[in-house]
Amino acid sequence: MTREAEDLNRRLLRARDAMDRAYADPLDVPAIAAIACVSEAHFIRSFRAVFGETPHRYLQRRRVERSMFLLRETDRNVTDICLDVGFGSLGTFSRTFRAIVGETPSDYRAGHGPIVAPNCFQLAATRPW
C-alpha cells in the first residue's frame, strides 16, 4: 500500500469516526468531507471504495442500528426514537428501517425483546446485513 493510500484511509477513518460520534446530528457530506480533507465527490467515491457503501448509507445504517437497540431495550414510542437517532420524519425512518432490517420498527419491537448475552454477541446478532 502506498503512503498516499494509507494517508487517505486514515483520513476516511477519521471522518467515519466523526460520523459514529455524531450520528444523531444533522450531518452533510461537505462537513464530513472537510474532516477527511478531500473534496465532496472524492470523499464519496473513496468512502464507498474503502467501506463498501456510501457515506449516506453508512450513516443511515448506524442510525438504524441505534434505533434497534432503543426499540428492544426501552418503552419509548417509535416517533421519539426516530427523532433521537437523527431521522427527520417517521416515514423516512420506517422506510429505511424496513429496507435495512426487513420489518417495520413496530414489528421489530414486538418480535425482539431485550437480549441477555455478552455485548460482543449482542452486536454480532443484531447487526443488520
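To be clear, the structure that these remarks concern was listed above.
Residues numbered from 1 in each chain as written. Predicted model: local features only at pLDDT ≥ 70, side-chain atom pairs only at ≥ 80, totals over all residues. Heavy atoms only, no water.

### Here we look at the overall build of the chain
Right, so step 1: If you tally the helices and strands in the chain, you get eight helices and zero strands.
Right, so step 2: Mapped from its N terminus to its C terminus, the chain presents α and β elements in the order α-α-α-α-α-α-α-α.
Right, so step 3: For the C-alpha atoms alone, the extent of the chain along its principal axes is close to 50 × 30 × 20 Å.
Right, so step 4: Of all 129 residues assigned to the chain, the portion counted as buried reaches 33%. (Helix = DSSP H or I, 4+ residues; strand = E, 2+ residues; numbered from the N terminus. Buried < 20%, exposed > 50% of the residue type's maximum accessible area, 1.4 Å probe, protein only.)

### Description of the packing of helix 1 (residues 3-21) against helix 2 (residues 29-36)
Right, so step 1: Contact geometry for helix 1 and helix 2: axes closest at 7 Å, N-to-C directions at 135°. Compared by their axis directions, helix 1 and helix 2 come out oblique. By crossing handedness, the relation of helix 1 to helix 2 is classed as right-handed. In this structure, helix 1 contributes R11, R14, A15, A18 and M19 to the contact, and helix 2 contributes I32, I35 and A36.
Right, so step 2: Taken together, the residues of the contact of helix 1 with helix 2 break down into six nonpolar, no polar and two charged. (Axes fitted to C-alpha atoms, helices over the stretch in contact; angles between N-to-C directions. Parallel < 35°, antiparallel > 145°, perpendicular 65-115°, else oblique. Left-handed = near helix turned anticlockwise from the far one by under 90°. Contact = heavy atoms within 4.5 Å. Nonpolar A, V, L, I, M, F, W, Y, C, P; charged D, E, K, R; others polar.)

### A few points about the nonpolar core
Right, so step 1: Ranked by size, the top nonpolar core spans 26 residues in total, and within it F43, V85, F93 and F97 carry the most contacts.
Right, so step 2: It is helix 4 (residues 55-73) that contributes the most residues to this core, six residues altogether.
Right, so step 3: Setting aside anything within four residues of it in sequence, one finds F93 in contact with S67, V78, C82, V85, F87 and P105. (Core = buried A, V, L, I, M, F, W, Y, C linked by side-chain atoms within 4.5 Å.)

### Thoughts on the packing of aromatic side chains
Right, so step 1: The full count for this structure, using the stated rule, is six aromatic pairs.
Right, so step 2: Through pairs of rings, three or more aromatic residues link up here, namely F43, F47, F51 and Y58.
Right, so step 3: The residue whose ring lies beneath R63 is F87, and the NZ or CZ to ring-centre distance is 5.9 Å. (Phe/Tyr/Trp six-rings, centres within 6.5 Å; stacked < 30°, edge-to-face > 60°. Lys NZ or Arg CZ within 6 Å of the ring centre and 35° of its normal.)

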